[in-house]
Amino acid sequence: MRSLKTLLGSSLLALTLTAGHAVATEKTTPIHFGDITWESGSFITEVLRLIVEKGYGYPTDTLPGSTVSLEAALAKNDIQVIGEEWAGRSPAWVKAAAEGKVFGLGDTVKGATEGWWVPEYVIKGDPERGIKPLAPELKSVADLPRYKDVFKDPEDPSRGRFLNSPTGWTSEIVNSQKLKAYALNDSFVNFRTGSGAALDAEVASSIKRGKPVLFYYWSPTPLLGRFKLVKLEEPPFDAEAWKTLADANNPNPRGTRSMPASLAIGVSAPFKAQYPELVTFFEKVDLPIDLLNQTLAGMSEKRQQPRQVAEAFLRDQPQVWKPWVPGDVANKVSSSL
């Protein structure tokens, strides 16, 4: 009997030590966030990381990748969180979500949008800068062939230049398919920028010099907080047409405006099961788009690092983020700042 008690005691001690080790491992193993390269994504990622680290005590890190590769990594749990996921847009996400491998949490930025833009002065002019309207009747993508010379490509003067997303972004595939769908390949060069920063720099430089520029862009972003832009009209959204745009291999894409934006925090299935308190937090994240655009504009103009801007945001805007988390978590975050 004594041997049995000793054995049971030893077993319970071993289980207790094992459980204690599991908890310790849970708090020391970093949560991998996708290293998003565009401003809003990188800023939101740092806001989330700071709250997770300072408020909940979990270590985090970031792993680099394109939109497509990060979504694939999330489905495999190689990363656990994508801070800004345009949920439901890419075939990879749709497939993984249907299989229960990834989840989009919350409605993080209401009023987000994307499309093809030109500076307002291209259409209306800017008397203060001495700029005359170069495309006064430009309203929609259907008008673009008439104005290809306005957006002349320096390397192919017979066509205009359309600034696309970097290769590896889901939007690059959609935009390339849109050029086919709108029969614009003969009149416009599909210029893929090397990075999100390169796209920003090209657009901002053109606007500062008062030059015409046609480009893909989205909100929330610094550019929409800094400049007056006009989004070109496209056909009403059609879900079936959208599928042909999201599929790079579809030979006959059909034109439609982009899917209504639904910004969420993407998480893997194992993360959702392992961190219920963080899931509850993520589901409450709500960033006002005007404030976000202004914050991103300041980050861009001052060339600040996203982590630095996220820290300032948490200090200066407690009324925005404190409702996302319990009071004790909010106090820990505030104290750390």
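On a predicted model such as this, the values are computed, not experimentally measured, just so you know.

Asks: Report on the pairing of strand β7 (residues 188–192), specifying residues and quantitative values.
Replies: Here strand β6 (residues 160–164) runs beside β7; their pairing, made up of 5 bridges, is parallel. Bridged to L163 within β7 is F191.

Asks: How would you explain the nonpolar core if you had to name every residue and give the values?
Replies: Counting 87 residues, the largest nonpolar core has I51, L144, F281, F282 and W324 as its most contacted members. Sort the elements by how many residues they give to this core and helix α2 (residues 39–56) lands first, with 8 residues. When near neighbours in sequence (up to four residues on either side) are disregarded, W324 contacts V47, I51, F281, K284, V285, D286 and L287. The next biggest cluster of nonpolar side chains, apart from the first, holds 5 residues, and it includes V174, W242, L245 and A246.

Asks: So what about the pattern of salt bridges? Which residues, and what values?
Replies: Under the criterion given, the structure shown has 18 salt bridges. E234 is the partner of K178 in a salt bridge, and the nearest nitrogen-oxygen pair spans 2.9 Å. Of this pair, K178 sits in helix α6 (residues 170–181) while E234 sits in the loop between β9 (229–231) and α9 (239–246), and the two are 56 residues apart along the sequence. Exposure class is identical for K178 and E234. Each is buried. By sharing partners, the salt bridges in this structure join E46, R49, E53 and R307 into a single network.

Asks: For the side chain of S42, give the residues involved together with the corresponding values.
Replies: Assignment of secondary structure puts S42 in helix α2. Among all residues touching S42, those that are not within four sequence positions of it are I36 and P306.

Asks: Provide a residue-level description of the confidence of the model for the protein, including the pertinent values.
Replies: Here the protein shows a mean pLDDT of 91. Residues at 70 or above account for 92%. Between residues 1–25, whose pLDDT stays under 50, and residues either more than four places distant or in other chains, the model counts 0 contacts.

Asks: Go over the packing of aromatic side chains with me, naming the residues and quoting the values.
Replies: Across all of its chains, the model carries 15 aromatic pairs by this definition. For the ring pair W116 and F162, a centre distance of 4.3 Å and an interplane angle of 35° mean the geometry is tilted. A residue pair is termed long-range when its members are at least 10 positions apart, and W116 in strand β5 (residues 113–119) and F162 in strand β6 qualify at 46 residues. Judged by its relative accessible area of 0%, W116 is buried. Plain terms: the ring middles of W116 and Y182 are 6.0 Å apart, the flat faces sit at 90° to each other, and that makes the pair edge-to-face. Placement of W116 in strand β5 and of Y182 in the loop between α6 and β7 is noted, with a sequence separation of 66 residues between them. Here the two residues W116 and Y182 agree in accessibility, since each one is buried. In textbook terms, an aromatic cluster arises when at least three aromatic residues are bridged by ring pairs, as seen for W38, W169, F215, Y216, Y217 and W218. Here the basic side chain of R129 rests over the ring of Y121, its NZ or CZ set 5.5 Å away from the ring centre. For the cation-ring pair, R161 lies above F191, with the distance from its terminal atom to the ring centre recorded as 3.8 Å.

Asks: Lay out the sheet that holds strand β8 (residues 214–219) with the relevant residues and their values.
Replies: The pairing of strands in a sheet happens through backbone hydrogen bonds and is either parallel or antiparallel. The strand order across the open sheet built from 5 strands is β7-β6-β8-β5-β9, with neighbouring strands paired in mixed fashion. Either end of the sheet is taken by a strand with one partner, and the two such strands are β7 and β9. Put simply, the sheet's adjacent strands are angled 35° from each other on average, direction ignored. In terms of strand pairing, β5 meets β8 through 5 bridges, oriented antiparallel. Looking at β8, one finds that W117 is bridged to F215. Along the sheet, α6 makes contact with β5, β6, β7 and β8, crossing β6 at roughly 150°. Across the sheet, helix α7 (residues 196–208) is in contact with β5, β6, β8 and β9; its angle to β8 comes to roughly 115°.

Asks: Can you break down the environment of N185 residue by residue, with the values?
Replies: Relative to the assigned elements, N185 resides in the loop between α6 and β7. With a relative accessible area of 33%, N185 lands in the partly exposed category. Each C-alpha atom, one on N185 and one on F162, is 9.9 Å from the other, the two residues being 23 residues apart in sequence. Those residues within four positions of N185 in sequence are excluded, and the remaining contacts are R159, L179 and K180.

How each quantity is defined
Residue numbering note: each chain is counted from 1, following its sequence as written. Note on the predicted model: pLDDT of at least 70 is required for a residue's local features to be given, and 80 or more for side-chain atom pairs to be given and counted; whole-chain, interface and lining totals, by contrast, use all residues. Heavy atoms from the whole structure form the basis of all side-chain values; hydrogens and water molecules are not counted. Pairing between two strands requires that DSSP report at least two bridges joining them. Secondary structure elements follow DSSP: runs of H or I of four or more residues count as helices, runs of E of two or more count as strands, with numbering from the N terminus. The set of buried Ala, Val, Leu, Ile, Met, Phe, Trp, Tyr and Cys residues whose side-chain atoms join them within 4.5 Å is what this entry labels a nonpolar core. Relative accessible area decides the class of each residue, using a 1.4 Å probe on protein chains only: under 20% of the type maximum gives buried, over 50% gives exposed, and in between gives partly exposed. By the convention used here, residues are in contact when the closest approach between their heavy atoms is within 4.5 Å. When a carboxyl oxygen of Asp or Glu lies within 4 Å of a side-chain nitrogen of Lys or Arg, that pair is called a salt bridge. The score called pLDDT rates the predictor's confidence residue by residue, from a low of 0 to a high of 100. Only Phe, Tyr and Trp rings take part, Trp by its six-membered ring, and two of them pair if their centres are within 6.5 Å. Stacked means planes under 30 degrees apart, edge-to-face means over 60, and tilted covers everything else. Look at NZ for Lys and CZ for Arg. If either is within 6 Å of the ring centre and within 35 degrees of the ring normal, a charge sits over the ring. Here an angle of 0 to 180 degrees is reported between the N-to-C directions of two axes, which are lines fitted to C-alpha atoms, with helices fitted over the stretch in contact.

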